[in-house]
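So the chains spell out like this:
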Amino acid sequence: MDLLEYQVKEWFGKIGIPVLPSQRIDHPTDLKRLKIRYPIVLKSQVQAGEREKAGGVRIVETTIDAIATAQNIFNLPIWGQLPEVLLAESKYDAQEEFYLAVVLDTALCRPVLLGCTEANIDWETAGEKFQHVVVEQEFSPFYARRLALKMGLQGALMQTVSDIVEKMYQLFVQKDLDLVEIHPLGVNSAGQVMALNGKVRVNKQAINRHPEIADMAAKMVGLLHGNKKSKGNGLLSRWDGIEMQGKICIIGNGKGSVLTTLDEVVNAHGHPGKCVNLRHTFMSDTAQTTFSDRLISSLTNLVNDQNTQVILVNFLGTIPQVDQLPEIITQFLHSDRSQITSQVSATNGNKSQQSWNLPWLILRLAGSEFNHVREELAALKTSNQLLIVVENLDEAVKEAVRLAKTPVVKKR
């Protein structure tokens, strides 16, 4: 479960991580009673990314402008979400921006400290720029200082950053978190350091151990499922993804791959549908799931959706259980569709009378680890016209847009 920014900032402030003066805005008229000085930054409080590009982050100079801007942001959907809350925050002029994070490495089963002296990170090629320190034993300030030194920081700035990393780790442990991220950490001309934006991901298995977090989770799920202003009917809680109304559904192995594919489909004049990120477990999962589990359930759910005409899978680099991928795809394409459509049949009548769309499945597999997978799927591709396997994303998107415009195949 990801918290909203204003919730993250409250936690940061309580544990001693420096944050700007800010105020929660539930209605545009709340800005008439603003307690912080102008200019301010108004931020849409949604769990979707790319808020600034979408117009959900705006700088304002006066109360009149702030009220008008807040009205616009409250009615601005970002990836299908409308905010219930805005955050009003003091404007800050940063001369430098860093990236800091504490994350649970599920492969090592240990916390890892991450740092980068660049805030605008290209996530597909970020590996060389990140510095990391694995917390191998009981945590001590040594680990935080080691990260700051590996980032090339010196003097007072090194000490300040290491103190912040130490507090991030304290929060990580106290709240049973999977991720604590500051992106960016701003440094102004006077050397003052400030957490300008943050992200916190709560371990879903630990939510009920913390009454405060359980209450926050209940409210979030209630908004996603019951709020008429929220488009998607709970999709984000069930899918950890994005819902649109197009016929090209997207599956990726990370936020970067999903959003990149989404942008490419739009740029090619295609119409994206549901988008699913398989990297993490879904909010509705009551038990631990594997990457393969999430892939199987996502494929099944997308087939059940009558809007789905093309499923575009973009796997870049590597995925867990890569050896299972050919078997999953084979079983999916040769499965008994009466089982897949059982829910639809139960509500609409005799399944023998049902017809459903058979979506094309386009697999973009980029990386040396997929070489043997592509070889195994080559034979399957010759016997199944609905499967396309490529390495180039542009080619995959071009095919997806073309196929989405062709008549659908029906089966009874």
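Residues numbered from 1 in each chain as written. Predicted model: local features only at pLDDT ≥ 70, side-chain atom pairs only at ≥ 80, totals over all residues. Heavy atoms only, no water.

### Comments concerning the environment of K35
Structurally, K35 is set in the loop between β1 (22–25) and β2 (40–44). For K35, a relative accessible area of 76% gives the class exposed. With 13 residues separating them in the primary sequence, K35 and S22 have C-alpha atoms 8.4 Å apart. (Helix = DSSP H or I, 4+ residues; strand = E, 2+ residues; numbered from the N terminus. Buried < 20%, exposed > 50% of the residue type's maximum accessible area, 1.4 Å probe, protein only.)

### Description of helix α10 (residues 325–334)
All of the buried residues in α10 are L325, P326, I328, I329, F332 and L333. What you see down the axis of α10 is that its buried residues fit within an arc of 165°, all on one side. (Arc of directions from axis to C-beta.)

### As for the confidence of the model for the protein
Looking at the protein as a whole, the pLDDT averages 84, with 83% of positions reaching at least 70. Low pLDDT, under 50, characterises residues 224–239; the stretch is placed with 43 contacts to residues that sit more than four places away or in other chains. This model gives residues 337–355 a pLDDT under 50, and the stretch forms 25 contacts once residues within four places in sequence are excluded. (pLDDT = per-residue confidence, 0-100. Contact = heavy atoms within 4.5 Å.)

### With respect to the packing of helix α8 (residues 255–267) against helix α14 (residues 393–404)
At a closest axis distance of 10 Å, the pairing of α8 and α14 adopts a crossing angle of 55°. Between α8 and α14, the angle is such that the two are oblique. Note that α8 runs across α14; the crossing there is right-handed. Note on element contacts: α14 touches α8 through L393, D394, V397 and V401, opposite T260, T261, E264 and V265. Residue composition of the contact of α8 with α14, by class: 4 nonpolar, 2 polar and 2 charged. (Axes fitted to C-alpha atoms, helices over the stretch in contact; angles between N-to-C directions. Parallel < 35°, antiparallel > 145°, perpendicular 65-115°, else oblique. Left-handed = near helix turned anticlockwise from the far one by under 90°. Nonpolar A, V, L, I, M, F, W, Y, C, P; charged D, E, K, R; others polar.)

### Remarks on the packing of aromatic side chains
Enumeration according to the criterion identifies 6 aromatic pairs in this entry. Between Y99 and F130, the ring centres sit 5.2 Å apart and the planes meet at 75°, which makes this aromatic pair edge-to-face. Of this pair, Y99 sits in strand β5 (residues 96–105) while F130 sits in the loop between β6 (110–116) and β7 (131–134), placing them 31 residues apart in sequence. Both residues of the pair, Y99 and F130, count as buried. Ring-pair connections join several aromatic residues into one group, and the members of that group are F139, F142, Y143, Y169 and F172. Of note, K175 hangs over the ring of W11, and the distance from its end group to the ring centre comes to 4.8 Å. (Phe/Tyr/Trp six-rings, centres within 6.5 Å; stacked < 30°, edge-to-face > 60°. Lys NZ or Arg CZ within 6 Å of the ring centre and 35° of its normal.)

### Quick look at helix α3 (residues 63–74)
Helical periodicity: at 3.6 residues per turn, an α-helix aligns residues three or four positions apart in one direction. For α3, built from 12 residues, the straight-helix expectation of 16 Å at 1.5 Å per residue is met to within 8% by its first-to-last C-alpha distance of 16 Å. Listed as buried for α3 are A66, I67, T69, A70, I73 and F74. Residues of α3 that are buried sit in contact with β1, β2, β3 (57–60) and β4 (86–90). (Expected span 1.5 Å × (residues − 1).)

### Remarks on the packing of helix α9 (residues 291–304) against α10
Packed helix pairs are characterised by how far apart their axes lie and by the angle those axes make with each other. Between α9 and α10, the shortest axis-to-axis distance is 11 Å and the interhelical angle comes to 20°. It follows from the interaxial angle that α9 and α10 lie roughly parallel. Seen along the crossing, α9 lies across α10 with a hand that is right-handed. Contacts between α9 and α10 involve S292, L295, I296, L299 and V303 from the first element and L325, I328, I329 and F332 from the second. Partitioned by chemical class, the residues of the contact of α9 with α10 number 8 nonpolar, 1 polar and no charged.

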